[in-house]
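Architecture and fold: a report
What follows is each chain in one-letter form.
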Amino acid sequence: MATDIRQNAATMPAADFEKFIKACVVLKSTMVSGTSFSVYDQWVAIHGSIMGVRTPGSAMFTNLGHQNIGFLPWHREYLRRFELALQAAVPGATIPYWSWEMTPEPSTLFSNARIHRIFFAASNASEIGGLFASAGPQTPPAWWPSGFRWRVHPALQVGAAPTLRRGSPADSWPPSLTSLTAIERINTAPAGVNVYWVFWRELESGARTHNTGHNIVGGYMMNPVFSPNDPLFWLHHAAVDRVWARWQANRVTAGATLLASYPVPTERSPFNNQLPPVGHRRDDLLWPWIGNTTGYAVNSPAAVQAMLPNFSAVAPRRIRDTFDIANLGGGLGGYQYT
Amino acid sequence: MPKRTPRRAAKSRVGREVEYVIGKGTSRLLEARVDKTAIRLYVNGPAMLVGSARVLTSLDFADGATYQAWQRLANALTCTSRCGQNGTTKIPLTVATSRLGAHLEFSMGPMSMYQSTVILKPKKPVSMKQAIDSAFGNPRKPYSVIIVPEPATGHAEHEATIFNPPEPEGHGEHGEEATHPTEEHHHGH
């Protein structure tokens, strides 16, 4: 399997970006046999269900994809598998990354030529329109499935909103290239604390990073459960993953290993001296890619759970399996960023 | 020697504001008496991780930190949440009293698992320092005014989904983050 290249969504060739959009549309318009939901909807359901997973022997449902150190590994695995699904639909498609430091609008990226507008710093959310118009695109591309309209499945809706909307009064954006570079170079932590804690906290929940990006887009992107309903989700998380990959490369350059750049399973949180939840630790399984392991449950609604693919035939994956993007193993190949 | 033209200071919004991130492991004392026209708070998990904030001072009441001064300060400031899920929300600044005296309190706005932006700024075109000093009667002694974020109560973020799972037994003594049992009753009535 050749190494895939994820490109800057704003500057990549238009034809390459179109492959991404086309692949998303193919997955969205391909119904899972005998059901009312599409292949794309299944990916949204996975993200929705990661919000509350009960691991074997636990009494609690825990968010295994957010708000703790497993945030980066889980989303890396999730994005890579989605990318391979895109390639099954449109060979050569890859997930572009949102170059966060760019001025968002006006831009080609946030226009109907690419991922469509975000209505930056708007008082209210607006329908995206274009390819995602409620009535379907006025001038669809030649490859557009006849009669197809991008609609949010009822089981994956929030507030009964069937179409994609964006727009948020939050305007704390963009981050500067200087600030992003500084994050990629984070290399110090208090004694006894793996520096990953410092880095992860900044990337997921710092100023003008992951959480802020969701906030300034609004619409479904601001709903943590069903944010992948909006295809901008993939570009945003590719940006997150790219910062992690560049940080990892800097760590290796400084003499660390990829393995050592993640807390050991016995390291307690510097916030509360507790071990991270099961599912976030280095050697833990990555739900839902748990193979035949039993004892897991999710608390998403039944209609969402019904969308989840059966991954039992997939070899189980662990947090540590995600550390090397050039060689992910498990048949996932590898990728790199421009 | 050629005359040098002085460079004009960049009038960027960022330069006029101070930004703080509130979330796991972040600082719990945030300087409010700053020579900036606004304080921008990046609030992670409003109403889920971060519930509210108190504003406290090192001033004694005899030096100006009276109930009336706090009320003047509350009247002099605006507090607004900007959220991609809930839009713009005005947040009231209230003067809270306890057995020890008065202070300001404000919430962090509507609930969200991601992040909202809360902006605290004077109603008039003055700096936070000027607004605070004016409210407290321009104290002569050095002093601080600090914002103290308070954790949210109720469902911790790891259990708070839109699916609202039933309360587990022993709620408040979570295996992962047992922070609830040690929370203060910060109203103190």
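Scroll up to find the structure this text is about.
Report on the accompanying structure. (Residues numbered from 1 in each chain as written. Chains lettered and ligands numbered in written order. Predicted model: local features only at pLDDT ≥ 70, side-chain atom pairs only at ≥ 80, totals over all residues. Heavy atoms only, no water.)

Time to look at the overall build of chain B. The number of helices and strands found in chain B is three helices and 10 strands. Listing every helix and strand of chain B by position from the N terminus yields α-β-β-β-β-α-β-β-β-β-β-α-β. Taking all 189 residues of chain B together, 47% fall into the buried category. Look at the contacts in chain B between residues 6 or more apart in sequence, and 69% of them connect residues 24 or more apart. Total accessible area computed for chain B in this model is approximately 10,200 Å², and 53% of it derives from carbon and sulfur atoms. (Helix = DSSP H or I, 4+ residues; strand = E, 2+ residues; numbered from the N terminus. Buried < 20%, exposed > 50% of the residue type's maximum accessible area, 1.4 Å probe, protein only. Contact = heavy atoms within 4.5 Å. Areas by Shrake-Rupley, 256 points an atom, 1.4 Å probe, with all protein chains shown as cover.)

Buried within helix α3 (residues 128-135) of chain B we find M128, A131, I132, D133 and A135 of chain B. Of the residues flanking the end of α3 of chain B, it is G137 of chain B, one or two places downstream, whose phi is positive at about 80°.

All names here are of chain B. Of all the residues in helix α2 (residues 67-76), the buried ones are A69, W70, L73 and A74. All buried residues of α2 lie within an arc of 140° about the axis, which places them on one face of the element. If you follow the buried residues of α2, they end up packed against β4 (50-57), β5 (77-83), β7 (94-98), β8 (101-107) and α3. (Arc of directions from axis to C-beta.)

It is worth spelling out the interface of chain A and chain B at this point. In this assembly, 45 residues from chain A lie in contact with 34 residues from chain B. Counting the surface lost from both chain A and chain B, the interface buries some 3,200 Å², and carbon and sulfur atoms represent 53% of this. The three residues of chain A that bury the most area against chain B are M60, Q67 and M222 of chain A, which together make up 18% of that side's buried surface. Taken together, chain A and chain B are joined by 18 residue pairs in polar contact (both at pLDDT 80 or more). Contributions of two or more residues to the side of chain A that touches chain B are made by α2 (39-49), α5 (195-205) and α6 (210-217) of chain A. (Buried area = accessible area lost by both parts, 1.4 Å probe. Polar contact = N/O pair within 3.5 Å; in protein donor to acceptor, adjacent residues only side chain to side chain.)

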